[in-house]
Amino acid sequence: MNYFAGVDVGSAATKCAVIDDKLHVHGLGLCDSGADFKAAALAAFEQAMGLAGIERDRIKAVVATGYGRTNVDFAAERRTEIDCHARGAYHYFPRAITVIDIGGQDNKVIELDSKGRRITFSMNRKCAAGTGSFIEEMAVRLKIPLENISDLASQSRDPKVSIGSYCTVFAMTEILGKIRDGVKVEDLAHAALVSVARRVLETKAFTGEVVLSGGVVANNQIMREILADLLKVDVQLPPDPQHLGAFGAALVAAGLQGGL
Amino acid sequence: MNAEKPRAKKIASAKTMKKIMADHFLGIDAASKDPGRKVAWCTSVGPAELLQGFGFEVYYPENHSAILGATRKATEYIPYANAVGYSPDICSYLTADVGAYLQGFTPLTAAYGIESIPRPDVLVYNTNQCRDVQDWFMWYAREWGVPCLGVQTHRNVGKVTGDHVDSIAGQLRALAADLEPIAGHPLDMDRFREAVGLSRKCSELWEKVLRTGTARPSALTFFDGTIHMGPAVVLRGTQTAVDYYEELLAELQERIDQGTAAVEGERFRLYWEGMPIWGKLRPLSEQFLELQTCVVASTYCNSWIFNQLDPDKPFESMARAYTELFIVRADPVKEDYIANMCRDFSVDGIIYHDSRTCPNNTNSRYGMPQRLSKRLGAPHLTIDGDLNDLRCYSEEQARTNIEAFVEQLAQG
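So, a few notes on the structure that sits alongside this text. (Residues numbered from 1 in each chain as written. Chains lettered and ligands numbered in written order. Predicted model: local features only at pLDDT ≥ 70, side-chain atom pairs only at ≥ 80, totals over all residues. Heavy atoms only, no water.)

1. Considerations on the overall build of chain B
Applied cut-off: Going along the chain from the N terminus, every DSSP run of H or I of four or more residues is numbered as a helix, and every run of E of two or more is numbered as a strand. Radius of gyration: C-alpha atoms only; globule rule: 2.2 Å multiplied by the number of residues to the exponent 0.38. Categorising residues by exposure relies on relative accessible area from a 1.4 Å probe, with only protein chains included: less than 20% of the type maximum marks a residue as buried, more than 50% marks it as exposed, and the intermediate range marks it as partly exposed. Any two residues having at least one pair of non-hydrogen atoms within 4.5 Å are treated as being in contact. Every accessible area reported is derived by Shrake-Rupley at a probe size of 1.4 Å, with residue values counting cover from the shown protein chains alone.
Assigned secondary structure in chain B consists of 17 helices and 8 strands. The C-alpha radius of gyration computed for chain B amounts to 21 Å, which stays within 12% of the reference 22 Å derived for 412 residues, consistent with globular compactness. Scored against the burial criterion, the 412 residues of chain B give a buried share of 59%. The long-range share in chain B, meaning contacts at least 24 apart out of those at least 6 apart in sequence, stands at 79%. If you sum the accessible surface of chain B, you get close to 16100 Å²; carbon and sulfur atoms cover 49% of it.

Structure (structure tokens):
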């Protein structure tokens, strides 16, 4: 059996997916991107191979994607994360869909036709509002471990609490004001996630089915509910949403070797 | 991905252009130091021919600020203008130019050994570019205690009517009357007509140069155009500009005859709508070369085509030329214009530059990309950036967007 890998070097996390020629996932790797993208790519790759239980020489092709895609020197080819998230999402939902990827540094909205061809795509404007960085900063300010934000937000009993500022810095000031007014932390966590979802809402008029990907969604399952509520469309979650870009890159690798 | 970056093909005429641009700046510098000669500042699409009719040496601050941008100095000086009350959200040509002046800097020093920008005897604007040019010129008028005169344009113009033309021609005549005491003599009508005639010739040749982009493969790129438009901006109304564009056109025609591509292996052809990102011309040009994609046409480079100019009717034809400009027109006219350009140049997609501080040259904020994509069946991409303020530009995000856009074109 042949194996293929996709490495997605994102701004916050580096992901890797190892698949076989039937396109089944055998191993996933995940690590912080840190300051050395090359080392992060290798670490995620080795982790994924370890979990798949295979040696390097059995990987027939590697494709890199993400901000650090050019740093992955062991990749045969590079594709944009827009292409890879689209491919990954279409693999699981082979129909006309809109993919929303909320990553650490940016979010992407990609519209695909029924054959999986891209119709349009857009990214957030150059601002951390609407991205994972915003949630990270909020977690630091509120002194809440990042992984607890989703659970906390689920306990919110006051959905009227909202954060209206467009700018992340202003939003933080707004949160501090609400803390001063005694607003509960779980309501603030919920409001922050809604704020991120609202920035996504601005990117296009959503009509059909939506597929989510990215670390923010993977780590905050409540985002699916929030987005479904705001967008008023069917919202789907693929397996391993944080690895969807890496998986899409692995699909490209398999395609390069005639595995598709 | 290629280990070696592809390089843009050199245009041999650039050598001539460098010389005539140097002569232009050195000439103005000399005039500004000569008590017997007068210098007028003029906006890029201002009434230059009229000023030439009065014998003024004409200096274009927008060109100066574009040089600040292209030499990646603009972002450094913008904060100094912000500090004296000129917001970072307004025209970054204005803020970069004023900021550089406040710090005693000009890129003309490194380029030509010129100590400072020329002190004007009068500043003359046309608000057809924007209101910011008026504020920009007024700042210098106060700084130096010199008169600032101008033409107030019509905006959102659908069909250009006789009333529009009469109104602007009337303002130009009034302007001529106001310029007379500053010049110290009446308007030389022969000289004025000659300037209008030469501007017309320059404009016709410049249009032919740009239309070499209709060839497949294209003979030049938008990035070449942004450099070679210099004489059309600052030397229109002179024989020098006419001679230059004859030389450039001959060279590009030879490229077409020989099938020489500006972008080797041209796979896709794009239209650029909006301002250049002056400080990123080279990396953008190189990225498109790598992607074997040629930006074949733009609204921006076409903004210096004034084929309405007629030496027999200098005031009226200037009024018409400077009112039929893309920038002052209503959206339906702009959309027809872009649609025709996309058809003529056989483009596969459109890139819109949303220039943060230049709303007048940004056409992606009121649904135009979506309307035109639907009408033309061609995809679009909007890049966030700015003409001069690189703080508003995310290079990595723009690169990824462009790469993804070309991937999208490749999927058919």
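2. Quick notes on a nonpolar patch on the surface
The test is simple: Without a salt bridge and with relative accessible area above 30%, a residue can belong to a patch; like charges are then joined within 9 Å and nonpolar side chains (Val, Leu, Ile, Met, Phe, Trp, Tyr) within 5 Å. One speaks of a salt bridge when a side-chain nitrogen belonging to Lys or Arg is within 4 Å of a carboxyl oxygen belonging to Asp or Glu.
Taken together, Y80, V84 and L102 of chain B make up a surface patch of nonpolar side chains, about 240 Å² in accessible area. With respect to the helices, strands and loops of the structure, V84 of chain B is situated in the loop between α4 (74–82) and α5 (92–102).

3. Considerations on the sheet that holds strand β5 (residues 77–78) of chain A
Strand pairing in a sheet takes place through backbone hydrogen bonds and is either antiparallel or parallel in direction. All names here are of chain A. Rules: Note on pairing: two strands pair once DSSP finds at least 2 bridges between them. Simply put, an axis is a line fit to the C-alpha atoms, just over the touching stretch for a helix, and the angle between two N-to-C directions goes from 0 to 180 degrees.
Read from one edge of the open sheet, 5 strands run β3-β2-β1-β4-β5, paired in mixed fashion. Pairing within the sheet leaves two strands with one partner each, and these edge strands are β3 (25–32) and β5. The sheet contact formed by strand β2 (residues 13–20) and β3 spans 7 bridges and is antiparallel. Each residue of the ladder has a partner; that of A17, found in β3, is L28. Running at roughly 145° to β3, helix α1 (residues 37–52) makes contact with β1 (3–9), β2, β3 and β4 (59–65) of the sheet.

4. Observations concerning empty space enclosed by the protein
All names here are of chain B. Threshold: With a 1 Å grid laid over protein atoms only, a set of points is called a cavity when a 1.4 Å probe fits there but cannot get out and a pocket when it is open yet has protein on both sides within 12 Å along at least five of seven lines; lining residues have an atom within 4 Å of a point. Grid points are joined across faces, edges and corners, and a volume is the space filled by probe spheres set on the points. Gly is put with the polar residues, along with every residue not named as nonpolar or charged; the nonpolar set is Ala, Val, Leu, Ile, Met, Phe, Trp, Tyr, Cys and Pro, and the charged set is Asp, Glu, Lys and Arg.
Considering all chains together, one arrives at 4 cavities of 30 Å³ or more under this definition. By volume, the largest cavity is sized at about 130 Å³. Surrounding the largest cavity, 14 residues form its lining, T299, Y300, S303, I327 and N361 being those nearest its centre. Counted by class, the lining of the largest cavity contains 6 nonpolar, 7 polar and 1 charged residues. In this structure, the second largest cavity encloses a volume near 80 Å³. Around the second largest cavity, the lining residues are L210, L220, T221, F222, G225, V296, A297, S298, C301, N302, M341 and F345. When contributions to the lining of the second largest cavity are tallied by element, the ones reaching two or more residues are α10 (222–228) and β6 (293–298). Counting residues per element, the lining of the second largest cavity draws most heavily on β6, which supplies 3 residues.

5. Focus: the nonpolar core
It is characteristic of soluble globular proteins that their nonpolar side chains tend to be buried jointly. This is how it is decided: Nonpolar core, defined: a set of buried Ala, Val, Leu, Ile, Met, Phe, Trp, Tyr and Cys residues in which side-chain atoms within 4.5 Å join the residues together.
Ranked by internal contacts, the top residues of the largest apolar core, which has 148 residues, are L50, L179 and W206 of chain B. The residues touching L179 of chain B, leaving out its near neighbours within four places in the chain, are L50, L51, F54, F56, V122, V124 and L149 of chain B. Ranked by size, the runner-up nonpolar core spans 38 residues in total, among them L152, A153, V161 and L188 of chain A.

6. Brief notes about unusual backbone geometry
Cis geometry is found at the peptide bond from R216 of chain B to P217 of chain B, where omega equals 5°. Note that P217 of chain B resides in the loop between α9 (189–211) and α10. Positive phi is not limited to glycine here, since K232 of chain A has a value of about 60°. Tracing the chain through its elements places K232 of chain A in the loop between α8 (222–231) and β10 (235–236). When its relative accessible area of 69% is taken as the criterion, K232 of chain A is described as exposed. Of note in the backbone geometry, Q292 of chain B takes a positive phi value of approximately 50° without being a glycine. Of note, Q292 of chain B is situated in the loop between α13 (281–290) and β6. What makes Q292 of chain B partly exposed here is its relative accessible area of 31%.

7. Some words on the pattern of salt bridges
What the rule picks out here adds up to 36 salt bridges over all chains. Of the charged contacts in the structure, one is a salt bridge between R79 of chain A and D83 of chain A, with a shortest N-O distance of 3.4 Å. Of the two residues, R79 of chain A and D83 of chain A, neither departs from the other in class, the shared state being buried. Within this structure, E77, R79, D83, R87 and R118 of chain A together with E407 of chain B form a network of salt bridges that share partners.

8. A look at the packing of helix α3 (residues 61–70) of chain B against α5 of chain B
Residue and element names in this part refer to chain B. Defined as follows: Any angle that falls under 35 degrees is termed roughly parallel, while one over 145 is termed roughly antiparallel, one within 65 to 115 roughly perpendicular, and all others oblique.
Here α3 crosses α5 at 80°, and the two axes come no closer than 9 Å. Here α3 lies roughly perpendicular to α5, going by the angle between them. For the pair α3 and α5, contact is made by P61, E62, H64, S65, A66 and L68 and by S92, Y93, A96, D97 and A100, respectively. Partitioning the contact of α3 with α5 into residue classes produces 6 nonpolar, 3 polar and 2 charged.

9. Describing helix α2 (residues 81–92) of chain A
As a reminder of what qualifies: One less than the number of residues in a helix, times 1.5 Å, gives the span that helix is expected to have.
The terminal C-alpha atoms of α2 of chain A lie 17 Å apart, and with 12 residues this matches the ideal 16 Å at 1.5 Å per residue to within 8%. Those residues of α2 of chain A that sit buried are E81, I82, D83, C84, H85, A86, G88 and A89 of chain A.

10. Here we look at the side chain of T65 of chain A
All names here are of chain A. Stated precisely, the cut-off is as follows: Any pair of N or O atoms that falls within 3.5 Å is considered a polar contact. Within protein, one atom must be able to donate a hydrogen and the other to accept it, and sequence-neighbouring residues count only if both atoms are side-chain atoms.
With respect to the helices and strands, T65 occurs in strand β4. Among the polar contacts made by the side chain of T65, one reaches the main-chain carbonyl oxygen of T80 at a distance of 3.2 Å. Excluding residues that lie within four positions of it along the chain, T65 makes contacts with V7, D8, V9, R79, T80, E81, C84, G245 and A249.

Note that every value here comes from positions in space, so none of it alone points to a role or purpose.
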